[in-house]
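# Observations on the three-dimensional arrangement
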Amino acid sequence: MKLPAQLLTILFVVAALGLTVWLGRYHGAIPVGSSTGKVKNVEVAEFPIQEQGPYGKAVIGETTHDFGASVLGAKGSHVFVIKNEGEGPLRVKTGKTSCSQCTVGRVSREDDIPPGESVDVEIKWEIKAPNDRFRQWAEVFTTDPDLKRIELVIEGLVDQTLRLAPEGVWLVGDLSPTEPTVVRGLLYSRLVDTIVLDKFECSNPSVSVTWEPVSLDLEEVKEKKAKAALSITATVAAGALLGPFRETVKLISADQGQTPVEFQLFGQRSGPIEFKGRGWNPENNAVVLGEFPAEKGARVKLNLYVRNLDGELEVQVIEQKHNSAKIQIPPTGRVLGKSKMYEVEIEVPPGPPVMRRGPDAEKIRLKLNHPDASEFVFYISYHAL
């Protein structure tokens with residue numbers, strides 16, 4: 001092909017492309033996927049954006065609503081307002097949400113919204129998951145070509161009505177045999193303005209609990225952003241049994257809408273009687289036998305050290321929770337300075353398979369002739385397979 005013919009061909013192609021663009025812009029839609037740039041009648045969600053203006057303009061004052069603090073299981077709703085500040089009509093419809101906890105309750109109108117008028121979008125939610133923070137979103141679509149999608153966010157703090165500090169476990173340390181042991185904590189709420197306690201419950205009569213209001217200006221209370229707070233004082237009377245001290249305290253509110261709050265008192269009462277040896281766990285005051293064949297049983301020997309006792313240790317009574325063990329303590333002990341050591345044999349006889357661990361561990365109570373330790377409690381933990 002000669003050069004003039006090539007130039008004519010190129011000019012023809014350019015002219016044809018220009019005509020196509022002109023026809024698409026002024027006489028119809030250009031198909032999705034065209035490389036000509038912005039196309040205004042491509043569908044967004046359920047809305048086709050009209051080919052020519054005037055267009056509505058979606059204006060919303062807020063896209064995030066913080067409900068503050070609320071409890072697990074609570075429900076709520078909030079209305080977002082979208083105003084049309086454009087020159088043409090505006091339409092609004094709902095889209096999807098981030099999860100099942102957040103739904104678009106209603107859109108006040110789905111017809112054309114004239115300039116200057118508004119539409120309400122109500123978002124409803126329910127707090128189903130125990131997360132510290134709640135944040136979910138729902139979307140709406142509009143016919144505003146500059147704001148086709150709006151994400152509406154609901155967020156806040158998920159909290160318990162009542163909280164304790166410290167939470168869970170209160171350490172009482174080494175309990176005194178002659179003086180009460182006292183520990184203190186804080187019961188507070190970030191949701192309610194008043195906390196009213198009715199009573200406390202504890203199975204151990206040596207434990208007592210009192211409470212009194214505290215100022216919200218205290219630094220500790222400010223840090224927790226509390227609306228109400230009580231100072232909690234737990235007292236363990238002198239003379240607790242030897243060994244580990246584990247008791248559960250339940251605080252019960254007079255308000256039926258406030259669930260009870262529990263905490264554990266953990267400590268230890270040291271004394272003149274002490275076990276030592278393989279398998280002995282001093283933290284739990286337990287003999288840990290582990291797993292063994294049920295038809296064979298298990299046996300262990302421990303050293304029992306006794307101090308501050310004139311004469312020999314006498315075991316007056318042995319009480320058992322399940323009567324599953326045999327305990328033999330010799331009548332005489334070996335003198336070691338100011339102490340005596342008794343070699344104690346503990347046996348779980350052959351029998352049927354059974355698990356004695358945790359709350360079901362065998363509980364042994366020894367009643368003794370010792371003036372400073374009339375009772376000694378320990379446990380036997382095992383699993384007979």
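As the structure is a prediction and not an experimental result, all values here were calculated from the model.

## Let's talk about the confidence of the model for the protein
Considering every residue of the protein, the mean pLDDT works out to 83; 85% of them sit at 70 or more. Below a pLDDT of 50 lies the segment residues 13–44, which in the model reaches 25 contacts outside its immediate sequence neighbourhood of four places, other chains included.

## Concerning the side chain of E347
Locating E347 in the fold gives a position in strand β26 (residues 339–348). Among the polar contacts listed, one links the side chain of E347 to the side chain of R299, at a separation of 3.4 Å. Dropping the residues within four chain positions of it, E347 is found in contact with A298, R299, S324, A325 and K326.

## A look at the nonpolar core
Most often, soluble globular proteins keep nonpolar side chains buried together rather than apart. The biggest cluster of nonpolar side chains holds 30 residues, and the ones touching the most others in it are L289, F378 and I380. Residue assignment for this core shows that the elements contributing at least two residues are β19 (273–276), β21 (286–292), β22 (298–307), β26, β28 (362–370) and β29 (373–384). Ranked by residue count, the leading element in this core is β29, at six residues. Among all residues touching L289, those that are not within four sequence positions of it are A298, V300, V348, I380, S381 and Y382. By size, the runner-up hydrophobic cluster in this structure holds 23 residues, among which are L164, L187, I232 and F263.

## Description of the pairing of strand β5 (residues 75–84)
Along β5, the buried face is formed by G76, H78, F80, I82 and N84; none of K75, S77, V79, V81 and K83, which line the opposite face, is buried. Sheet topology places strand β3 (residues 58–60) next to β5; three bridges connect them, and they run antiparallel. Bridge pairing in β5 links I60 to I82. As paired elements, β5 and strand β8 (residues 118–126) share nine bridges and run antiparallel to each other. Paired with F80 across the strands is V121, a residue of β8.

Reading the values: the criteria
- Residues numbered from 1 in each chain as written.
- Predicted model: local features only at pLDDT ≥ 70, side-chain atom pairs only at ≥ 80, totals over all residues.
- Heavy atoms only, no water.
- pLDDT = per-residue confidence, 0-100.
- Contact = heavy atoms within 4.5 Å.
- Helix = DSSP H or I, 4+ residues; strand = E, 2+ residues; numbered from the N terminus.
- Polar contact = N/O pair within 3.5 Å; in protein donor to acceptor, adjacent residues only side chain to side chain.
- Core = buried A, V, L, I, M, F, W, Y, C linked by side-chain atoms within 4.5 Å.
- Buried < 20%, exposed > 50% of the residue type's maximum accessible area, 1.4 Å probe, protein only.
- Pairing = 2+ DSSP bridges.

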